[in-house]
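Inside the fold
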Amino acid sequence: MYSELENLYAKCFPEKSQKWSANDFADLKKSGCDIIVGQNSFIVWRTAADEAEIISIGVTPDARRTGTASALLQIMENDVKQSGVKNIFLEVDAANIPAIGLYHKSGFQNIGTRPQYYDNGHDAIIMKKDI
Ligand SMILES: CC(C)(COP(=O)(O)OP(=O)(O)OC[C@H]1O[C@@H](n2cnc3c(N)ncnc32)[C@H](O)[C@@H]1OP(=O)(O)O)[C@@H](O)C(=O)NCCC(=O)NCCS
């Protein structure tokens, strides 16, 4: 599963200089994160008490715009709801138009900004969804 995730990550984030390796994913799992991996997509999240945080989500370029990420978010939301989660948080690069569109369509709202948060100098938008 972890080498599959390494390959998916490289396809989904070709622009990143620091790509997540199989070991990075194994460490995330060991640290308590939940991971769903499909043929063309993955999602990683962490739950603490009644809050969950989306750590990463990706769909390979050939499979985009077919509702895959929306479906993953819905599966994740259903899962965390069953364990008592009330709010889901995430951070997204303010220049990532596809991801911002996805999150807004999935019911997330902007709640703050971290200026120049990323290595590329872009701001991070913090989003939240009450479930
Ligand atoms: C962001 C990403 C996960 C979206 O995956 P996806 O499976 O294509 O998303 P969906 O098909 O579920 O799209 C849901 C909605 O998101 C928005 N959206 C998705 N791609 C978009 C794009 N290129 N431009 C504008 N809006 C977009 C649309 O509102 C879309 O609904 P619509 O198709 O009915 O208009 C995908 O583009 C990706 O993997 N990008 C690279 C990795 C990444 O940036 N991950 C997020 C890090 S925070």
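Conventions used here
Residue numbers run consecutively from 1 along every chain, following the written order of its sequence. The predicted origin of the model limits local features to residues at a pLDDT of at least 70 and limits the giving and counting of side-chain atom pairs to 80 or more, whereas totals for whole chains, interfaces and linings rest on all residues. Remark: hydrogens and water are excluded; side-chain values derive from all non-hydrogen atoms of the structure. Working definition: residue near molecule or strand if any one of its non-hydrogen atoms lies within 4 Å of it. For the purposes of these results, a polar contact is taken to be a pair of N or O atoms within 3.5 Å, where, inside protein, one atom must be able to donate a hydrogen and its partner to accept one; residues adjacent in sequence count only when each atom of the pair is a side-chain atom. With residues, only the protein chains shown are counted as cover, and all accessible areas are computed by Shrake-Rupley using a 1.4 Å probe. Secondary structure elements follow DSSP: runs of H or I no shorter than four residues count as helices, runs of E no shorter than two count as strands, and numbering proceeds from the N terminus. Gly is placed with the polar residues, together with every amino acid not listed as nonpolar (Ala, Val, Leu, Ile, Met, Phe, Trp, Tyr, Cys and Pro) or charged (Asp, Glu, Lys and Arg). DSSP calls a pair of strands paired once it identifies at least 2 bridges connecting them. Angles run from 0 to 180 degrees between N-to-C directions of axes, and those axes are lines fitted to C-alpha atoms, restricted for helices to the stretch in contact. Here a residue-residue contact requires only that any non-hydrogen atoms of the pair lie within 4.5 Å. Residues grouped as a nonpolar core are buried Ala, Val, Leu, Ile, Met, Phe, Trp, Tyr and Cys residues, joined through side-chain atoms within 4.5 Å. Accessibility here uses a 1.4 Å probe with only protein chains present; expressed as a share of the type maximum, an area under 20% marks a residue as buried, one over 50% as exposed, and anything in between as partly exposed. The rule is short: rings of Phe, Tyr and Trp, with Trp giving its six-membered ring, pair when the centres are within 6.5 Å, and they are stacked under 30 degrees, edge-to-face over 60, tilted in between.

Attention shifts here to the site of the ligand. The local shell around the ligand holds 20 residues, among which Arg-65, Gly-67, Ser-70, Asn-96 and Lys-105 are the closest. Between the ligand and the protein, one listed contact pairs an oxygen atom with a side-chain N or O atom of Arg-64 at 3.5 Å. One nitrogen or oxygen atom from the main chain of Gly-67 is found 2.8 Å from an oxygen atom belonging to the ligand. Bound to the protein, the ligand loses 77% of the 920 Å² it would expose on its own. With 6 residues, helix H4 (residues 97-105) is the single largest residue contributor to the shell around the ligand. By residue class, the composition of the shell around the ligand is 10 nonpolar, 7 polar and 3 charged.

For the rest of this paragraph, the subject is the sheet that holds strand E1 (residues 34-37). As summarised here, the arrangement of the 6 strands in space is E1-E2-E3-E4-E6-E5, forming an open sheet in which the pairing is mixed. Edge positions in the sheet fall to E1 and strand E5 (109-114), since each of these pairs with one other strand and no more. Mean inter-strand twist for the sheet, computed between neighbouring axes without regard to direction, equals 25 degrees. Where strand E2 (residues 41-48) lies against strand E3 (residues 51-59), 8 bridges are found, and the strand directions are antiparallel. Note on E3: the bridge partner recorded for Arg-46 is Glu-53. Here helix H3 (residues 68-82) sits on the sheet in contact with E1, E2, E3, strand E4 (87-93) and strand E6 (124-130), set at roughly 25 degrees to E2. The strands that H4 touches are E3, E4, E5 and E6; relative to E4, the one it contacts most, it runs at about 160 degrees.

By size, the foremost hydrophobic cluster in this structure holds 23 residues, and its most contacted members are Ile-57, Met-76, Ile-88, Val-92, Tyr-103 and Met-127. Every element with two or more residues in this core is listed here: E2, E3, H3, E4, H4 and E6. Examining the composition of this core, we find that 5 residues originate from one element, H3, more than from any other. With near-sequence residues (within four places) excluded, Ile-57 lies in contact with Phe-13, Phe-42, Ile-43, Ala-69, Leu-72, Leu-73, Leu-102 and Tyr-103. Among the nonpolar cores identified, the runner-up in size contains 11 residues, and Leu-8, Tyr-9, Phe-25 and Leu-28 belong to it.

Further remarks concern the packing of aromatic side chains. In this description, a pair of aromatic rings is defined by centroid distance and the angle of the planes. Counted according to the given criterion, the structure contains 8 aromatic pairs. With 4.9 Å between their ring centres and 10 degrees between their planes, Tyr-9 and Trp-20 make a pair best called stacked. Here Tyr-9 is found in helix H1 (residues 2-12), whereas its partner Trp-20 is found in the loop between H1 and helix H2 (22-30), with 11 residues between them in sequence. Relative accessible area serves as the criterion here: at 24%, Trp-20 is assigned to the partly exposed category. Note on Tyr-117 and Tyr-118: the rings are 5.1 Å apart at their centroids and 85 degrees apart in plane angle, and the pair reads as edge-to-face. Here Tyr-117 falls in the partly exposed class, since its relative accessible area comes to 41%. Linked through ring pairs, Tyr-9, Phe-13, Trp-20, Phe-25 and Phe-42 together constitute an aromatic cluster.

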